[in-house]
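So the chains spell out like this:
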Amino acid sequence: TDLLNILQDPAKRLSLLIWRFGPLAGWPQARRRIVRKSIMVMAGQLARKLILPWQQYPWCLWPLALKDVDEAKRKECARDLLRSPTCCLDSSFSRRLRHLHPRESELLSSDVQTFLATVFTRIAPTSTFIER
């Protein structure tokens, strides 16, 4: 959010650079381009490493692992897993989970919930893991 706010109002958000290089209006076009490009690259990298992985399998299965999640959200997550094309599932975990539990009621069982909670608490997602 902070990076995107810089793009919306650079004069307000880039006070350190303005202190160093003077008012934005006096900056050469090349400096403006470098700052814009750097901000866009940083926002893209953050989204790719910190947001996108959690929206993909197996990490988007988190509603099935937590006990305090609304039942409707858990059912939606189970249905999404069952409806997802095989190509959208990671081969090492989500495909196997769907193969072992091909019905929504099975995915919503307390045994699967306990298993997923254990898996998600023991796996440490790192940038190395995400890059693979």
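Here the residue numbering is sequential within each chain, running from 1 through the sequence in written order. Totals for whole chains, interfaces and linings use all residues, but because this is a predicted model, local features are given only for residues with pLDDT of at least 70 and pairs of side-chain atoms are given and counted only at 80 or more. Hydrogens and waters are ignored; side-chain quantities use all the structure's heavy atoms.

(A) Structural context of the overall build of the protein chain. A helix here means a DSSP run of H or I that spans at least four residues, while a strand means a run of E at least two residues long, and both kinds are numbered starting from the N terminus. Looking only at helices and strands, one finds 10 helices and zero strands in the protein chain. Counting from the amino terminus, the protein chain carries its helices and strands in the arrangement α-α-α-α-α-α-α-α-α-α. Computed over C-alpha atoms, the radius of gyration of the protein chain comes to 22 Å, more than 25% over the 14 Å expected from 2.2 N^0.38 for 132 residues, which places it beyond the range of a compact globule. Overall size of the protein chain, expressed as C-alpha extent along the three principal axes, is 65 × 30 × 25 Å. For every residue, the accessible area (1.4 Å probe, protein chains only) is compared with the maximum for its type, and the residue is labelled buried under 20%, exposed over 50%, or partly exposed between those bounds. Per-residue burial over the protein chain gives 29% buried out of 132 residues. Expressed as a percentage of contacts within the protein chain between residues at least 6 apart in sequence, the contacts between residues at least 24 apart total 48%. Only the protein chains shown count as cover for residues, and all accessible areas are computed by the Shrake-Rupley method using a 1.4 Å probe. Put simply, the protein chain shows about 9300 Å² of open surface, and 58% of that area lies on carbon and sulfur atoms. Radius of gyration: over C-alpha atoms. The globule rule applied is 2.2 Å multiplied by the number of residues raised to the 0.38 power. Between two residues, a contact is recorded if the distance between any of their heavy atoms is within 4.5 Å.

(B) Looking closely at unusual backbone geometry. The peptide bond linking Tyr 57 to Pro 58 adopts the cis configuration, its omega dihedral lying at 5 degrees. Mapped onto the secondary structure, Pro 58 falls in the loop between helix H4 (29–51) and helix H5 (62–65).

(C) Structural view of the pattern of salt bridges. Definition used for salt bridges: Asp or Glu carboxyl oxygen within 4 Å of a side-chain nitrogen of Lys or Arg. Under the counting rule described, the total for this entry stands at three salt bridges. Here Glu 106 makes a salt bridge to Arg 103, at a shortest N to O gap of 2.6 Å.

(D) Broad picture of the packing of aromatic side chains. Here a Phe, Tyr or Trp ring, Trp counted by its six-membered ring, pairs with any other such ring whose centre lies within 6.5 Å, and the pair is stacked when the planes are under 30 degrees apart, edge-to-face when over 60, and tilted otherwise. One pass over the full model with this rule turns up four aromatic pairs. Measuring from centroid to centroid gives 6.1 Å for Phe 21 and Trp 27, while their planes differ by 85 degrees, and the two rings are edge-to-face. Grouping aromatic residues by their ring pairs yields a cluster made of Trp 54, Trp 59 and Phe 120.

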